[in-house]
Amino acid sequence: MSDTIERVKCLIIGSGPAGYTAAIYAARANMKPVLYQGSQPGGQLTTTNEVENFPGYPDGVTGPEMMMQLQKQAERFETDVRNGWITKVDFSGDIHKVWVNDEKEIHCDTVIISTGASAKYLGLDSEQKYLKLGGGVSACAVCDGFFYRNQEVVIVGAGDSACEEAHYLSKLCKKVTMLVRRDEFRASKIMAERVKNTENIEILYNTETDEVLGDGQVVTGVRVFNNQTNEKHEIPATGFFVAIGHKPNTDIFKDYLDLDETGYIINAKPGTSKTNVEGVFVSGDAADHVYRQAITAAGTGCMAALDAERYLAAKDANFEVSTSTYN
Ligand SMILES: Cc1cc2nc3c(=O)[nH]c(=O)nc-3n(C[C@H](O)[C@H](O)[C@H](O)COP(=O)(O)OP(=O)(O)OC[C@H]3O[C@@H](n4cnc5c(N)ncnc54)[C@H](O)[C@@H]3O)c2cc1C
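Residues numbered from 1 in each chain as written. Predicted model: local features only at pLDDT ≥ 70, side-chain atom pairs only at ≥ 80, totals over all residues. Heavy atoms only, no water.

1. Concerning the sheet that holds strand E14 (residues 232-236)
By definition, the strands of a sheet pair up through backbone hydrogen bonds, in either a parallel or an antiparallel sense. Taken together, 3 strands build an open sheet; the order of strands is E12-E13-E14 and the sheet is antiparallel. Since the sheet does not close on itself, it has two edges, and those belong to strand E12 (207-214) and E14, each with one partner. With direction set aside, neighbouring strand axes in the sheet form an average angle of 25°. Pairing between E12 and strand E13 (residues 219-226): 7 bridges, direction antiparallel. The partner of Thr-209 across the bridge, within E13, is Val-224. In this fold helix H3 (residues 125-133) packs onto E12 and E13, with an angle of close to 45° to the strand it touches most, E12. (Pairing = 2+ DSSP bridges. Helix = DSSP H or I, 4+ residues; strand = E, 2+ residues; numbered from the N terminus. Axes fitted to C-alpha atoms, helices over the stretch in contact; angles between N-to-C directions. Contact = heavy atoms within 4.5 Å.)

As structure tokens, then:
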């Protein structure tokens, strides 16, 4: 083995709620975890101002603040938190090989994947502007719908998730306008019917977003166009929700791990964090197309660390399972 190759017991890829929670548990179980943060230290929550649904914060907390605290907690137990992007893996052998920034090679007894998923956006300048300002653009109705109670919102999308989110918003908001690009839904019939039968949801077919309108700080409306007639009109709205899908950050694993058609990692054994490769575990949004919440990501991060610990203990009788995990 060359000098440049490092050997670690537990490598965690990703620094969202899943990665840091896995790190807290792995570090307290004596696994000396090394965690690579990737290009978004703190993960998706660093892009949101207010988190009001994570237990333990009765007054809410900003996403960046919460993630700083999670990092601090992981470091308190001596997680080795590093900057770096995992560019390549080789899970074909007993020892799992991982490359950082195409340079550094690490050999790992266990790997916990917590690389998350990225919400897809339309890519309009005005959408990105108000997204960055935290001024009314969101890709998560469950996370942000509450801030738009009794207000009028627009949602873009036509699949099952979009219908689910539109329905969720309809319970909170005065009116939901749903923009569907084609002349029909992509969603299952039952989901589409539910939306069609909801009184305060108006569906505009063959309709796309021209521009998200605002006052420079917050969203005030959406200009839309009919893609058959090119006619434009404006819809007053304080929230603009984008529900056109997510892309799991799992491309580098596709040669080794079982992924579904969208790219989510498939749990080899439901109810665990195990993948189809022994010693490789997954947590958070990288394997979750259903819940996609910080608390569920944290929960599965815990599961992954416990599964990794048990795997190591079963493999190596000398590996001491720390009782501190359960304190
Ligand atoms: C705008 C917004 C608001 C939200 N608000 C809420 C909310 O209020 N409440 C709530 O519960 N949920 C909310 N969510 C959802 C929540 O953020 C996610 O469910 C959660 O962050 C998923 O955690 P994760 O750890 O799986 O992944 P992420 O948070 O996505 O983190 C993934 C991490 O992996 C790293 N990474 C990816 N690829 C690599 C690689 N190749 N090498 C190294 N590192 C890599 C990234 O840098 C990142 O650190 C919100 C999401 C968004 C986008």
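Okay, back to it.
2. So, the domain arrangement of the chain
Along its sequence, the chain is organised into domain 1 (6-118 + 246-325) and domain 2 (122-243). Taking only C-alpha atoms, the centre of domain 1 and the centre of domain 2 are 33 Å apart. At the junction of the two partners, domain 1 supplies 8 residues and domain 2 supplies 10 residues. Roughly 550 Å² of surface becomes buried between domain 1 and domain 2 when both sides are summed, with 39% attributable to carbon and sulfur atoms. Linking domain 1 to domain 2 there are 0 residue pairs in polar contact (both at pLDDT 80 or more). Looking at the side of domain 1 that touches domain 2 residue by residue, the class counts come to no nonpolar, 5 polar and 3 charged. (Domains from an automatic or database assignment. Buried area = accessible area lost by both parts, 1.4 Å probe. Polar contact = N/O pair within 3.5 Å; in protein donor to acceptor, adjacent residues only side chain to side chain. Nonpolar A, V, L, I, M, F, W, Y, C, P; charged D, E, K, R; others polar.)

3. Observations concerning the UniProt feature "domain: FAD/NAD(P)-binding" (unreviewed entry) in the chain
When the UniProt feature table is mapped to this numbering, "domain: FAD/NAD(P)-binding" (unreviewed entry) covers residues 9-301. Structurally, residues 9-301 comprises 23% helix and 28% strand, and the distance from its first C-alpha atom to its last is 16 Å. (UniProt positions renumbered as here; feature names shortened; annotations may be inferred.)

4. Overview of the sheet that holds strand E15 (residues 239-242)
With parallel pairing, the 5 strands of this open sheet are ordered in space as E8-E15-E9-E10-E11. Strands at the two margins of the open sheet, each flanked by one partner only, are strand E8 (137-138) and strand E11 (201-204). Relative to E15, strand E9 (residues 152-156) runs parallel, the two sharing 4 bridges. Along E15, the bridge assignment pairs Val-153 with Gly-239. Docked against the sheet, helix H5 (residues 160-172) engages E9, strand E10 (175-179), E11 and E15, running at close to 165° with respect to E10.

5. Observations concerning the site of the ligand
The local shell around the ligand holds 33 residues, among which Ser-15, Gln-37, Gln-40, Asn-53 and Asp-285 are the closest. A distance of 2.8 Å separates an oxygen atom of the ligand from a polar atom in the backbone of Gln-37. Residue Arg-292 places a main-chain N or O atom 3.1 Å away from an oxygen atom belonging to the ligand. Burial of the ligand by the protein chains amounts to 96% of its free accessible area of 1,000 Å². Elements supplying a minimum of two residues to the shell around the ligand: helix H1 (17-28) and helix H7 (294-315). Class assignment of the residues belonging to the shell around the ligand gives a composition of 12 nonpolar, 18 polar and 3 charged. (Near = heavy atom within 4 Å. Areas by Shrake-Rupley, 256 points an atom, 1.4 Å probe, with all protein chains shown as cover.)

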